[in-house]
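Architecture at a glance
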Amino acid sequence: MSDEKTSSRPSKASRASLLASDKTLVIDYKNPQLLRAFLTDRGKIVPARSPA
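All of these numbers come straight from a predicted model, not from anything done at the bench.

Reading the values: the criteria
Every chain is numbered on its own, with residues counted from 1 as its sequence reads. Residues qualify for local features only when their pLDDT is at least 70, as the model is predicted, and side-chain atom pairs are given and counted only at 80 or more; totals for whole chains, interfaces and linings, by contrast, use all residues. Side-chain metrics rest on all non-hydrogen atoms present in the structure, leaving aside hydrogens and water. Secondary structure elements follow DSSP: runs of H or I no shorter than four residues count as helices, runs of E no shorter than two count as strands, and numbering proceeds from the N terminus. Methods summary: accessible areas were calculated by the Shrake-Rupley approach with a probe of 1.4 Å, and residue burial reflects only the protein chains presented. Accessible area is worked out with a 1.4 Å probe on protein chains only. A residue is then buried under 20% of its type maximum, exposed over 50%, and partly exposed in between. In this description, contact between two residues means that some pair of their heavy atoms is separated by no more than 4.5 Å.

Our next topic: the overall build of the chain. Secondary structure assignment for the chain yields 2 helices and 0 strands. Surface summary for the chain: the accessible area is close to 5800 Å², and the carbon and sulfur share equals 54%.

Mapped onto the elements of the fold, Leu19 is located in helix H1 (residues 18-21). When its relative accessible area of 30% is taken as the criterion, Leu19 is described as partly exposed. Placed 15 residues apart in sequence, Leu19 and Leu34 show a C-alpha to C-alpha distance of 9.4 Å. The contact partners of Leu19, leaving out residues within four places of it in the chain, are Leu25, Ile27, Leu34 and Phe38.

Note on placement: Leu35 falls in helix H2 (residues 32-35). Each C-alpha atom of the pair Leu35 and Ile45 lies 9.3 Å from the other, and the pair is 10 residues apart in sequence. The residues contacting Leu35, other than those within four sequence positions of it, are Asp28 and Tyr29.

Below, the structure is given as structure tokens:
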């Protein structure tokens, strides 16, 4: 029997943060295009860790 562990779940790819990738980006609450990536269609803030 082998000591290798096999997983039925595929590994998650590392995802770079939208804000961390661009060091010159100025975060402003008046910029709706930038903030849309972090809001739901109802205007709620998307959690950093989602269950799915």
